[in-house]
Amino acid sequence: MYTNLPTVMKINFIFMFVLFIGIISAATIEINKIKIDHDDKVNYNKQTNSFDFSQGGSLNVVYNGNKYSYSDLSSVDFKQGGATITKNPQIVFGSDGKIKEAYFTTGKDGNYALGNEILQLPSGTKVAYKDGKAIIQIPGKTFTPPKQIDRGNVNSYMFYSHNDQGIQLGEYLIKGGLGYEKGNYFIQDQTSLALADFVIANPNHVKTYIDFEGRQNYAYQGAYISFDKSRGVFVLGSNVNAPSPSVMFTKDNTYGLKFDSDKDYFAIRSSGGSSRSYFKITKSAPGIVPEMENFNDFWLDQNGRGFASIDGNLIGYKSHLIKDFGEHSSSSSVAVTLSGLYRTRNSIVERTIGNQVMGFSNFNEYAFGPNKRFIRLKHYKNHPAFFTGISDVESYNYDLTEKGFERLTGINLIAEDSSGTSYLNDPKNIRYLYDLVASIPKQQKNMLDEMHFHSHTPWAYGFAQYSGDHFEVHFTVGQEATASGNRLSAETWRHEMGHIVDFYGGRKGNFDKMWYNTGIDNKVIVSGYAHKNGERISEFIGHTAFASDSEIKELLGNNWHQDKIKRAAFAVAWYNYGFTDERISEIFSGVGLKYDRESMYGYMMEVGINIQ
Amino acid sequence: MKAQVSIFIIIAVVLVFGLALFFLLRPPLEKNISPEVKEIHDFVQGCVATTAEDAVYQIGETGGYFYSPNLSVENIAYYYYEEQFFVPTKEIIEDEIEKYIDTMLYFCTENFASLPQYEIGQEKIETKAVIDDDGVFIEIIYPLSIRKEEQTFSLEEFSYIVDARLEEILLLINEIEESQKLDTKGWCINCISNAAEEHDMYIHMKDYDEETILFYVIDEQSRVKEDAYVYKFAHRYEN
């Protein structure tokens, strides 16, 4: 009978049979109300909800009404992040209907769902995904951040580029893998990575987020580097129980870390821990060295010398502390200041070094002090009350030249002869001149216009004068910077500057009236030279500016509480900018007198000077 | 009657205590120096003062020793050497001061060559040094027999106080060494700074070489040889 059927019917029968076979070999599977269609080339394993694309085929899945197609998939075979992945194309769905595991290389551009996220991938992208973690190798250098399907979990991605040409992060190309998670970027695989103006060493592969905010961020679940080149802010932190990677800065950095030698080395690391930590570097105003701030413990390495905060204590080391970048040594260090906080075991946040600031100079020195403009480091030999130190002023560290001094202080330096020229050509002497200026009040410094240097001044050591329209001091100088002896000593400087304060009239032009009309003048004769007319004020300031407590007591007797004239002498000299606030506090506290402003005005009132 | 007896007893007790306190607390009477030997006494006393000041100065220069110990650098004793402590006790330093004076005082008196008008016999010097809150107290037994124009005199006891806060410095150093235990490879900068502030002193640390740091404790309140007192010691850290 069959053989007698018309030819057309035979053809129709064959067609219907093929169609029937086709219908029964393709399938739609539903998991958690998510429909998954696949053709007959895709091999479905019901036990594991996995789809094998070894023979090609296609699969469609619909989320929120949008269809996502998986076809033209090929196997993945790549080595990334220490893992070698060789897999036939495969997709595994979880009980929630989302893809929980996938291995494939895309055959065409498109949107691909992975877990709870949709990822736009170009053709040729290699994907290995399992349980929320994806390793993806893209043909280009950029990727589009994934979008969430619903409010469920999100994935953690590590993107690589073919041939490791790098993945673009802002203006930087990240080689060795760039992670992405919850809108944040991170690195983890790289043992070492040069980025912007620093190098990251991460031998322990700590997950390290990177952003361009330049601020501390306690939300990251890992270490982080947050920098903003435009503001010159760099933050290295760790919010987990592992230290951050080490970071070494390059010479051309934008945070104000100034290297005056190619050998200079400046590296940091933040400790992490249960209280979290960060180390922040901020470029300061022009002319000021960068400020650093720490929260909890850190490591700092300057030219092979280590500094660390351990349980809130600052520890110094003679050797390298951060060895990730090899051995380094240099005769100079990077000038910076540091202040910090740490959280104690009972969760109280305290200042690491009290109210003091730690300063590092450009000369491998460091010290603490309340005033970072000039942290007193050490005495000049034979002159215990006159200090040299560390300053956050850039010129004091890096520009010890005549011009640098003039720029910073506004005082012109004038060499009157070859001795003067030699003197001013020596950086040590310029530093000494800075020290001299640091010992006087700013207002006193502003009174002075010129400093002249001679082999021999008409007077033995120096003189001061008003030259029509400006104030100047002249000094006899030798080759050596010295704070004692007959040359430009600290006392000579203060003595001549005492004249300038006198000539200038002090604060309001009436210093002389306050001094002479109240009987102070002849009650505080501190030396034989002070008997000479016109030398009493300058001798008083010059002598007492650096005198020890015992010398002051000796000079002025021990009856301070009775002698209002002597109290007033110091108060008047201070009021007229003869002494710094710091110095007057030393003088008065040394003899047990109050030195707050009200008390000082009170001392002047006792001799009839009413300051209102 | 009983009450009267009690009052007398109380008065007697008060008197006895009062007298005892008077004798205990009164300033020592100046020793009666015969005018004939006052010149020698003043000369020796001058030497005692100079040598005592030198001794305390030298102690400061070396870290507590007359002769520097083997473990020293530039004659400055190591107090910490590759994780071991070698801090001398106060008693050792007192002994060293005594040794210094016992040895060096003779170099000042120079066999009294500058006083030829006297015939002077001298015996062994025995010094007792006490480092105290108020300074370094030096008591010296220096038996001298002096003969002048058939008359014989003797001098023996001399004393001097060096205005050095050495006791305070040693307390400060002990705090520094205690803080050294926080980390054997490094030194606690803020501990040192805080200790210095607490004791009102300055500490200057100076690199000597790759491993050694020299510590200079500077006390402006002390006056030794008319200057602020400097006490030095060294630490060596293993790299």
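As the structure is a computational prediction, the values presented were derived from the model and not from experiment.

### Considering the overall build of chain A
For chain A, the count of helices and strands is 13 helices and 42 strands. Principal-axis analysis of the C-alpha atoms gives chain A an extent of 150 × 50 × 45 Å. Sequence separation of at least 24 residues holds for 52% of the intrachain contacts in chain A that already meet a minimum separation of 6.

### Overview of the pairing of strand β2 (residues 34-38) of chain A
Each regular strand shows side chains that alternate between the opposite faces of the sheet. Residues and elements named next belong to chain A. Sheet analysis places strand β1 (residues 27-31) next to β2, joined by 5 bridges and oriented antiparallel. Residue pairing for β2: isoleucine 31 is matched across the bridge by isoleucine 34. Following β1, the chain reverses through 2 residues before pairing antiparallel with β2; asparagine 32 in that reversal takes a positive phi of roughly 50°. Of the pairings in the sheet, the one linking β2 to strand β5 (residues 58-63) comprises 3 bridges and is antiparallel in character. For histidine 38, the partnering residue across the bridge sits in β5 and is leucine 59.

### Quick word on the nonpolar core
By size, the foremost hydrophobic cluster in this structure holds 211 residues, and its most contacted members are Val572(A) and Val56(B). When sequence neighbours within four positions are dropped, the list of residues in contact with Val572(A) reads Met514(A), Trp515(A), Ile520(A), Met604(A) and Ile609(A).

### Considerations on the interface of chain A and chain B
In this complex, chain A contributes 15 residues to the contact, which on the side of chain B involves 19 residues. Only β32 (313-317) and β37 (375-380) of chain A provide two or more residues apiece to the side of chain A that touches chain B. For the side of chain A that touches chain B, a count of residues per class yields 7 nonpolar, 6 polar and 2 charged. With 3 bridges joining them, β32(A) and strand β8 (residues 186-188) of chain B adopt antiparallel strand pairing. Residue pairing across strands places Ile315(A) opposite Cys188(B), the latter belonging to β8(B).

### Some words on unusual backbone geometry
The phi angle at Asn64(A) is positive, at roughly 50°, despite the residue not being glycine. Within the secondary structure, Asn64(A) sits in the loop between β5 and β6 (66-71). The residue Phe112(B) is not glycine, and still its phi comes out positive at about 60°. If you trace the backbone, Phe112(B) turns up in the loop between α3 (90-109) and β4 (119-122).

### So, the environment of Tyr67(B)
All names here are of chain B. Relative to the elements of secondary structure, tyrosine 67 occurs in the loop between α2 (38-62) and β1 (72-73). Classification of tyrosine 67 by C-beta neighbours within 10 Å gives partly exposed; the count is 13. As a C-alpha pair, tyrosine 67 and glutamate 123 span 56 residues in sequence and 23 Å in three-dimensional space.

### Brief notes about the packing of helix α4 (residues 166-180) of chain B against helix α5 (residues 189-198) of chain B
All names here are of chain B. For the pair α4 and α5, the least separation of the axes is 9 Å and the interaxial angle reads 165°. The angle between α4 and α5 falls in the class roughly antiparallel. Seen from above, α4 lies across α5 with right-handed handedness. Contact residues: α4 offers Leu172, Glu175, Ile176 and Ser179, while α5 offers Cys191, Ile192, Ala195 and Ala196. Looking at the contact of α4 with α5 residue by residue, the classes come out as 6 nonpolar, 1 polar and 1 charged.

### A short note on the environment of Glu82(B)
Residue and element names in this part refer to chain B. The topology assignment puts glutamate 82 in the loop between β2 (76-81) and β3 (84-85). Judged by the 12 C-beta atoms lying within 10 Å of it, glutamate 82 is exposed. Considered as a pair, glutamate 82 and glutamate 238 are 156 residues apart in the sequence and their alpha carbons are 5.4 Å apart. The contact partners of glutamate 82, leaving out residues within four places of it in the chain, are Arg236 and Glu238.

### Details of the confidence of the model for chain A
All names here are of chain A. Confidence in the prediction of chain A, expressed as mean pLDDT, is 88, and 92% of residues score 70 or more. Every residue in residues 13-24 scores below 50 in pLDDT, and together they form 0 contacts with partners more than four places removed in sequence or on other chains. Segment residues 479-486: pLDDT under 50, and 16 contacts once partners within four positions in sequence are set aside and those in other chains are kept.

### A closer look at the sheet that holds strand β40 (residues 450-454) of chain A
Residues and elements named next belong to chain A. Strand order across the open sheet formed by 4 strands is β39-β40-β42-β41, with mixed pairing between neighbours. Strands at the two margins of the open sheet, each flanked by one partner only, are β39 (412-415) and β41 (462-466). When strand polarity is set aside, the average angle formed by the axes of neighbouring strands in this sheet is 20°. Direction of pairing for β41 relative to strand β42 (residues 471-476): antiparallel, over a ladder of 5 bridges. Each residue of the ladder has a partner; that of glycine 462, found in β42, is phenylalanine 475.

### Observations regarding the sheet that holds strand β27 (residues 266-270) of chain A
Here 8 strands make up an open sheet; going across it, the order is β21(A)-β22(A)-β26(A)-β27(A)-β30(A)-β31(A)-β32(A)-β8(B) and the pairing antiparallel. Each having just a single partner strand, β21 (192-195) of chain A together with β8 of chain B make up the two edges of the open sheet. Strand-to-strand twist across the sheet, computed as the mean angle between neighbouring axes with direction ignored, equals 20°. Sheet topology note: the strand β22 (residues 198-201) of chain A/strand β26 (residues 246-249) of chain A ladder contains 4 bridges and is antiparallel. Following the sheet pairing, Val199(A) is matched in β26(A) by Met248(A).

### Comments concerning helix α11 (residues 564-575) of chain A
All names here are of chain A. With 12 residues, α11 ought to run about 16 Å at 1.5 Å a step, and its terminal C-alpha atoms sit 16 Å apart, in line with that. For α11, the tally of buried residues reaches 10 of 12 residues, placing the bulk of the element in the interior. Just downstream of α11, tyrosine 577 is the residue with a positive phi angle, here 70°.

### Examining the confidence of the model for chain B
Confidence along chain B averages 88 in pLDDT terms, with 87% of residues attaining 70 or more. Counted against residues more than four places away or in other chains, residues 22-30 of chain B, with its pLDDT under 50, gives 0 contacts.

What counts as what
Residues numbered from 1 in each chain as written. Chains lettered and ligands numbered in written order. Predicted model: local features only at pLDDT ≥ 70, side-chain atom pairs only at ≥ 80, totals over all residues. Helix = DSSP H or I, 4+ residues; strand = E, 2+ residues; numbered from the N terminus. Contact = placed C-beta atoms within 7 Å. Pairing = 2+ DSSP bridges. Core = buried A, V, L, I, M, F, W, Y, C linked by C-beta atoms within 7 Å. Buried ≥ 20, exposed ≤ 12 C-beta atoms within 10 Å, placed from the backbone. Nonpolar A, V, L, I, M, F, W, Y, C, P; charged D, E, K, R; others polar. Axes fitted to C-alpha atoms, helices over the stretch in contact; angles between N-to-C directions. Parallel < 35°, antiparallel > 145°, perpendicular 65-115°, else oblique. Left-handed = near helix turned anticlockwise from the far one by under 90°. pLDDT = per-residue confidence, 0-100. Expected span 1.5 Å × (residues − 1).

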